[in-house]
Amino acid sequence: MHRIAVLDDYQSVAADFCDWSTLPEPADVVEFHDAVDGEDALVARLQPFDVVVAMRERTAFPRSVLERLPNLKLLVTTGMRNKSIDTQAANDSSVTVCGTGSQPTATAELTWALILASVRHIPREDASVRAGGWQQTIGGDLAGARLGVVGLGRLGTQVARIGQAFGMDVVAWSQNLTDERAAEQGVRRVDREELFATSDVVTVHLLWSRRTRGLINAEDFALMKHTAVFINTSRGPIVQTPALVDALQNGTIAGAGLDVYDREPLPPDDPIRSLPRTVLTPHLGYVTRGTYEVFYGEAVEDVAAFLRGEPIRVIEP
């Protein structure tokens, strides 16, 4: 009987979206609802399993882990891109890596939830009303304000279009963005310094890579208006976190909406948890019913196809 591990099912909902009865062979499926700390603990947990279903980049699979899982034959990741899996090491260990489709709009929607919550101080006002208070803050306006989009790919373009619908002046910058590409989306490309210095909202939509690790730094935050807010729904390591912490603690910027962090789950004693003027969500960008239906439904399809000897959606090294 095959043993299948479903990892990082934090909300204990994987079973609601997976129909394992469609597998061509019997299987023992175990859902894990917590994250383990350290490679030794992860290896000890997964050694009995020949199939692992990983949720996005919640659990890393470097070579040092994959080489210690001799029983593992199939590793399924939700989505077709996962920087936390060493696909070359998987290939060297004869582990097939497969992916799934995704729901394309969920992260852009959460980005706007964070923007609106940050600009209008919704968490603080909600807490005040519940405590008996009334009107503690003065919110900002979006119409006529400038939205600075760092990264004008699929997600950045979605966010830009919603900003335009709010009547915002939308500008964009990334290392490879051209004037032509920006103009196609009705957006004006500006240089990095202008984007950070003139935007009322700065939102990050870059892929996490060696090139973008630590890209946004203290110099960028120093350029920002003291009334501006910073939003990150991409990946935590794209931003130099100590610089962001300093900018918020010193009042260099007005606030931040964060869905991603250097380490996830965010440790209980992490200083980010106590930062002023922040809206914090636990990497919810892709956590919607529609997304989970695609993720888990296609993960089951991947496993079934592999067991039939006809793997699908294979991710090559």
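One can find the structure itself at the top, above this paragraph.
What counts and what doesn't
- Residues numbered from 1 in each chain as written.
- Predicted model: local features only at pLDDT ≥ 70, side-chain atom pairs only at ≥ 80, totals over all residues.
- Heavy atoms only, no water.
- Helix = DSSP H or I, 4+ residues; strand = E, 2+ residues; numbered from the N terminus.
- Rg over C-alpha atoms; globule rule 2.2 N^0.38 Å.
- Lys, Arg positive; Asp, Glu negative; His and termini not counted.
- Charge placed at Lys NZ, Arg CZ, Asp CG, Glu CD.
- Phe/Tyr/Trp six-rings, centres within 6.5 Å; stacked < 30°, edge-to-face > 60°.
- Buried < 20%, exposed > 50% of the residue type's maximum accessible area, 1.4 Å probe, protein only.
- Lys NZ or Arg CZ within 6 Å of the ring centre and 35° of its normal.
- Pairing = 2+ DSSP bridges.
- Contact = heavy atoms within 4.5 Å.
- Axes fitted to C-alpha atoms, helices over the stretch in contact; angles between N-to-C directions.
- Core = buried A, V, L, I, M, F, W, Y, C linked by side-chain atoms within 4.5 Å.
- Expected span 1.5 Å × (residues − 1).
- Parallel < 35°, antiparallel > 145°, perpendicular 65-115°, else oblique.
- Left-handed = near helix turned anticlockwise from the far one by under 90°.
- Nonpolar A, V, L, I, M, F, W, Y, C, P; charged D, E, K, R; others polar.
- Polar contact = N/O pair within 3.5 Å; in protein donor to acceptor, adjacent residues only side chain to side chain.

S.K.: Can you walk me through the overall build of the chain in this structure?
M.R.: Within the chain one finds 12 helices and 12 strands. Over its C-alpha atoms the chain spans a radius of gyration of 21 Å, differing by no more than 12% from the 20 Å that the globule rule assigns to 317 residues. Its C-alpha atoms put the chain at 60 × 50 × 30 Å along the principal axes. Averaging the coordinates of the 30 positive side-chain charges in the chain and doing the same for the 42 negative ones gives two points 3 Å apart.

S.K.: Teacher, can you tell me more about the packing of aromatic side chains here?
M.R.: In this structure the tally under the stated criterion is 7 aromatic pairs. An angle of 25° between the planes, with centres 5.1 Å apart, marks the rings of Trp-112 and Phe-166 as stacked. Of this pair, Trp-112 sits in helix α5 (residues 106-119) while Phe-166 is found in the loop between α7 (154-165) and β7 (169-173), placing the two residues 54 residues apart along the sequence. Trp-112 gets classed as buried once you look at its relative accessible area, which sits at 5%. Seen from the ring of Phe-49, Arg-3 lies directly overhead, with NZ or CZ sitting 4.7 Å from the centre.

S.K.: What is the right way to read the sheet that holds strand β8 (residues 188-189) from this model?
M.R.: Whether parallel or antiparallel, the strands of a sheet pair through hydrogen bonds between backbone atoms. Spatially, 7 strands are ordered β8-β7-β6-β9-β10-β11-β12 in an open sheet, and the strand pairing comes out parallel. Strands with a single pairing partner mark the edges of an open sheet, and in this sheet they are β8 and β12 (278-280). Of the strands in this sheet, β6 (146-150), β7 and β9 (201-204) touch α7, which is tilted by about 175° from β6.

S.K.: When you look at the nonpolar core in this model, what are you seeing that I'm missing?
M.R.: Counting 29 residues, the largest nonpolar core has Leu-195, Ile-216, Phe-221, Met-224, Phe-230, Leu-244 and Ile-253 as its most contacted members. Mapped by element, the contributors of at least two residues to this core are β7, α9 (192-198), β9, α11 (241-249) and β11 (255-258). If one sorts the elements of this core by residue count, α11 sits on top with 5 residues. What Phe-230 contacts, discounting residues up to four positions off in sequence, is Val-202, Val-204, Ile-216, Phe-221, Met-224, Val-239, Leu-244, Ile-253, Gly-255, Ala-256, Gly-257 and Leu-258.

S.K.: Just to check I follow, could you spell out α5 for this structure?
M.R.: Each α-helix winds once per 3.6 residues, and so residues spaced three or four apart point in a common direction. The end-to-end C-alpha distance of α5 is 20 Å, a good match for the 20 Å that 14 residues give at a rise of 1.5 Å each. Of all the residues in α5, the buried ones are Ala-106, Thr-107, Ala-108, Leu-110, Thr-111, Trp-112, Leu-114, Ile-115, Ala-117, Ser-118 and Val-119. At the exit of α5 stands His-121, carrying a positive phi of roughly 55°.

S.K.: Explanation requested: the packing of α5 against α7 in the structure shown.
M.R.: Helices that pack against each other are described as a pair by the angle of their axes relative to one another and the distance between those axes. Two elements in contact, α5 and α7, have axes whose closest approach is 9 Å; the angle formed by their N-to-C orientations is 45°. Overall, the two elements α5 and α7 adopt an arrangement that is oblique. Classified by chirality, the crossing of α7 by α5 is right-handed. Contact residues: α5 offers Thr-107, Ala-108, Thr-111 and Trp-112, while α7 offers Leu-155, Gln-158, Val-159, Ile-162 and Gly-163. For the contact of α5 with α7, the class distribution of residues is 5 nonpolar, 4 polar and no charged.

S.K.: For this particular structure, what's the right way to read the side chain of Arg-56?
M.R.: As for its position among the elements, Arg-56 is in the loop between β3 (51-54) and α3 (63-66). Side-chain polar atoms of Arg-56 contact the backbone oxygen of Thr-78, separated by 2.4 Å. Only 3.2 Å separates the side chain of Arg-56 from the backbone oxygen of Arg-81, close enough to count as a polar contact. Ignoring sequence-local partners within four residues, the contact set of Arg-56 consists of Thr-77, Thr-78, Gly-79, Arg-81, Asn-82, Arg-235, Tyr-286 and Phe-295.

This is a description of form; function is not addressed.
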